[in-house]
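Architecture at a glance
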Amino acid sequence: MSTSALSPVARLRGLRPDWLSDPKAWRTEVLAGLVVALALIPEAISFSIIAGVDPAIGLFASFTMAVTISVVGGRRAMISAATGAVALVIAPLNREHGLGYLIAAVILAGVFQIVLGALGVAKLMRFVPRSVMVGFVNSLAILIFMAQVPEMHDVPWPVYPLIAGGLLLMVFFPRITTVVPAPLVSIVVLTAITLAAAIAVPTVGDKGDLPSSLPVPGLPDVPFTMDTLTTVAPYALAMALVGLMESLMTAKLVDDITDTHSSKTRESIGQGIANIVTGFFGGMGGCAMIGQTMINVKVSGARTRLSTFLAGAFLMVLCIVFGPVVSDIPMAALVAVMVMVSLATFDWHSIAPKTLKRMPLGEIAVMVITVVCVVATENLAIGVVVGSVTAMVVFARRVAHFAEVTSVTDPDGGRVVYSVTGELFFASSNDLVGQFGYAGDPDKVVIDLTATHIWDASSVAALDAIETKYAQRGKTVEIVGLNAPSARIHERLSGELSGGH
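Computed from a predicted structure; not experimentally measured. (Residues numbered from 1 in each chain as written. Predicted model: local features only at pLDDT ≥ 70, side-chain atom pairs only at ≥ 80, totals over all residues. Heavy atoms only, no water.)

1. Overview of the layout of surface pockets
In this structure, the largest pocket occupies an estimated 770 Å³ of space. Contributing to the lining of the largest pocket are 31 residues, with E43, F47, G84, L143 and A147 lying nearest its centre. Elements represented by at least two residues in the lining of the largest pocket include exactly helix 2 (23–51), helix 4 (84–97), helix 6 (130–148), helix 11 (290–299) and helix 14 (331–345). Classifying every residue of the lining of the largest pocket gives 20 nonpolar, six polar and five charged. Taken together, the elements giving at least two residues each to the lining of the second largest pocket come down to helix 6, helix 16 (361–377) and helix 17 (380–400). Here the element with the most residues in the lining of the second largest pocket is helix 17; it accounts for eight residues. When grouped by side-chain class, the residues that make up the lining of the second largest pocket number 13 nonpolar, three polar and five charged. (1 Å grid on protein atoms, 1.4 Å probe; cavity = no way out; pocket = protein on both sides within 12 Å on 5 of 7 lines; lining within 4 Å. Points joined across faces, edges and corners; volume = space filled by probe spheres on them. Helix = DSSP H or I, 4+ residues; strand = E, 2+ residues; numbered from the N terminus. Nonpolar A, V, L, I, M, F, W, Y, C, P; charged D, E, K, R; others polar.)

This is the structure we're talking about:
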């Protein structure tokens, strides 16, 4: 039966999300949203400190980002909120010019992201190799763990058994039941223990004051002049690029975990819309949060937009309504959750001896370089770019060896045929000129390119140089076997790359 033949009620039923008719899925999404909201609070406060703003600014950003992206984003169940990468980018702007300029930069970054998304920047994700993706995942796991180290340094001794107890709960509780997420059980149990026994350990409240009211929309307090635009634009562009890079990489990771596809273009535009909304509500902006997304998708099993929406909604409810209770949650409980996330995120198979023996050395090097760059800079975007460039260099060196030249001279000695096999591009064509016997060859030379493809101007220039060398000796060259794309680039560029030679 066609959709048009269905009644309006039946059509509406077909549009309903799956979780509305599945109590188990509904429960999973709600509890996942609650766990993520609890984990967001100390992170948002920490990132606010990095950016040099009041903790409420980071919490407002996490609320508006999560709620907005749950509607307009392209990747279901992914969490977007205030992040450390964005905080690092915009901190100098806030320090030098103040909060108004920071908010203006957030809004402009959202505009940039919408434009970049509409221009198809998401398609660049096709050029991120698997070795870079593995390096990204492993470095992410390392960064998540490293972010917890300060919470385990110079603290009262009860923190350590609390963290150990939280980890044990998350490992063994799922064997009893998976109805309630193990991280939520761990947080509740550790909070109850510390309160009942009056154990003095660092709590969420020690990170900063929680907001007591909802954010109010408004315009940034800056002069609307060209001078303001030139001041905030560089920071906004940097924030847009870093935010898109982290968001698209996270979306790709969630695609792999859930074995589903998401619209990266919609996600790019959605990130822009979320940042614009966040800016108008006075937030510090953000992007996809990888650690919290892993809690939501991998640890809690969430799969829909409901968990993302509720993470933001619960965040504000917890801050405004249950602020005193949330403030008493021991940081040890949240540290245990994030340590478990880091362990679950790391691709242990990628460093297994059996895997390393089978992997090409170049791909191992790319993975290691990606991890080292990310950990050294604490910037996932830099690591991905450096890793991708390294992968391209490794690939170019590998393919460059595939261009080979073989020659066959006619029995009467009047003609020689050179057959070129492999790919011709800048790396392989540089050695092409030296593989011909200019002085000893007969007067007629045929270069057969049936088994190759011309990719760039460097290859055309190399063929021109070969023809020139033969012409200087009074010999003629005929190039045959070009496929259609190669023939077009050769015809368009031949003789035009070296002053007509």
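The structure having been displayed, the exposition proceeds.
2. A closer look at helix 20 (residues 484–493)
Taken as a whole, helix 20 has its buried residues at S486, I489, H490 and L493. Down the axis of helix 20, the buried set is contained in an arc of 100°. They therefore lie on one face. Residues R488, E491 and R492 are exposed on helix 20 and point more than 90 degrees away from its buried face. Close packing links the buried residues of helix 20 with strand 5 (444–454), helix 19 (457–471) and strand 6 (476–480). (Buried < 20%, exposed > 50% of the residue type's maximum accessible area, 1.4 Å probe, protein only. Arc of directions from axis to C-beta. Contact = heavy atoms within 4.5 Å.)

3. Topic: the environment of E378
Assignment of secondary structure puts E378 in the loop between helix 16 and helix 17. Through-space distance from the C-alpha of E378 to that of T225 is 34 Å; in sequence the pair is 153 residues apart. The residues touching E378, leaving out its near neighbours within four places in the chain, are L88, L143 and C373.

4. What about the nonpolar core?
Within the largest apolar cluster, 104 residues are counted, with the highest numbers of intra-cluster contacts made by I41, L59, F136, M284, I295 and L315. Looking at which element gives the most residues to this core, the answer is helix 2, with 12 residues. Membership of the second largest hydrophobic core comes to 22 residues, among which are V445, I447, L449 and I454. (Core = buried A, V, L, I, M, F, W, Y, C linked by side-chain atoms within 4.5 Å.)

5. Thoughts on the pairing of strand 6
Where strand 5 meets strand 6, five bridges bridge the pair, whose relative direction is parallel. What sits directly across from V445, in strand 6, is V477. Each parallel crossover has a hand, and the one from strand 5 via helix 19 to strand 6 is right-handed. (Pairing = 2+ DSSP bridges. Right-handed = clockwise from strand over helix to strand, strands pointing away.)

6. Considerations on the pattern of salt bridges
As enumerated under the stated definition, the model contains five salt bridges in all. Residues D255 and K264 are paired through a salt bridge, measuring 2.4 Å at the closest nitrogen-oxygen approach. You'll find D255 and K264 in the same group, each marked buried. Taking the shortest distance from any N to any O, the salt bridge between E478 and K444 comes out at 3.5 Å. Placement of the pair is E478 in strand 6 and K444 in strand 5, with a sequence separation of 34 residues. (Salt bridge = Lys/Arg side-chain N within 4 Å of Asp/Glu carboxyl O.)

7. Focus on the pairing of strand 3 (residues 404–409)
Two faces make up the sheet, and in a regular strand the side chains alternate between them. Here strand 3 runs beside strand 4 (residues 415–424); their pairing, made up of six bridges, is antiparallel. Counterpart to E404 in the pairing with strand 4 is T421.

8. Looking at a nonpolar patch on the surface
Taken together, L214, V317, I320, V321, F322 and V325 make up a surface patch of nonpolar side chains, about 520 Å² in accessible area. Inspection of the secondary structure puts V325 in helix 13 (residues 323–327). (Patch = residues over 30% accessible without salt bridge, like charges linked within 9 Å, V, L, I, M, F, W, Y side chains within 5 Å. Areas by Shrake-Rupley, 256 points an atom, 1.4 Å probe, with all protein chains shown as cover.)

9. Overview of the packing of helix 9 (residues 226–258) against helix 11
Running from N to C, helix 9 and helix 11 cross one another at 20°; their axes reach a closest spacing of 11 Å. Judged on the interaxial angle alone, helix 11 and helix 9 are roughly parallel. The handedness of the crossing between helix 9 and helix 11 comes out as right-handed. In this structure, helix 9 uses E246, T250, L253, V254, I257 and T258 to contact helix 11, whose residues at the interface are I290, T293, M294, V297 and K298. Residue classes in the contact of helix 9 with helix 11 are distributed as six nonpolar, three polar and two charged. (Axes fitted to C-alpha atoms, helices over the stretch in contact; angles between N-to-C directions. Parallel < 35°, antiparallel > 145°, perpendicular 65-115°, else oblique. Left-handed = near helix turned anticlockwise from the far one by under 90°.)

10. Observations concerning the sheet that holds strand 3
Strand order in the open sheet formed by four strands is 3-4-5-6, with mixed pairing between adjacent strands. With one partner strand each, in any of the chains shown, strand 3 and strand 6 form the two edges of the open sheet. Direction aside, neighbouring strands of the sheet carry axes that sit 20° apart on average. Of the strand pairs in this sheet, strand 4 and strand 5 are connected by nine bridges, and their pairing is parallel. Note on strand 5: the bridge partner recorded for G422 is T452. Where helix 19 meets the sheet, its contacts fall on strand 4, strand 5 and strand 6, and the angle it forms with strand 5 comes to roughly 175°. Packed onto the sheet, helix 20 meets strand 5 and strand 6 and runs at close to 120° relative to strand 5.

11. Considering the packing of aromatic side chains
Inspection of the entire model under this criterion finds five aromatic pairs. With a centroid separation of 4.5 Å and an interplanar angle of 45°, the aromatic rings of F346 and W348 are classed as tilted. Its relative accessible area of 15% is what places F346 among the buried residues. When the ring of Y418 is compared with that of F436, the centres are 4.5 Å apart and the planes differ by 50°; the resulting orientation is tilted. Separated by 18 residues along the polypeptide, Y418 in strand 4 and F436 in the loop between helix 18 (426–429) and strand 5 bring together distant segments of the chain. The burial state of Y418 is the same as that of F436; both residues are buried. Members of the aromatic cluster, each reached through a chain of ring pairs, are Y418, F436, Y438 and Y470. The ring centre of Y438 lies 5.8 Å from the NZ or CZ of K469, which sits over that ring. (Phe/Tyr/Trp six-rings, centres within 6.5 Å; stacked < 30°, edge-to-face > 60°. Lys NZ or Arg CZ within 6 Å of the ring centre and 35° of its normal.)

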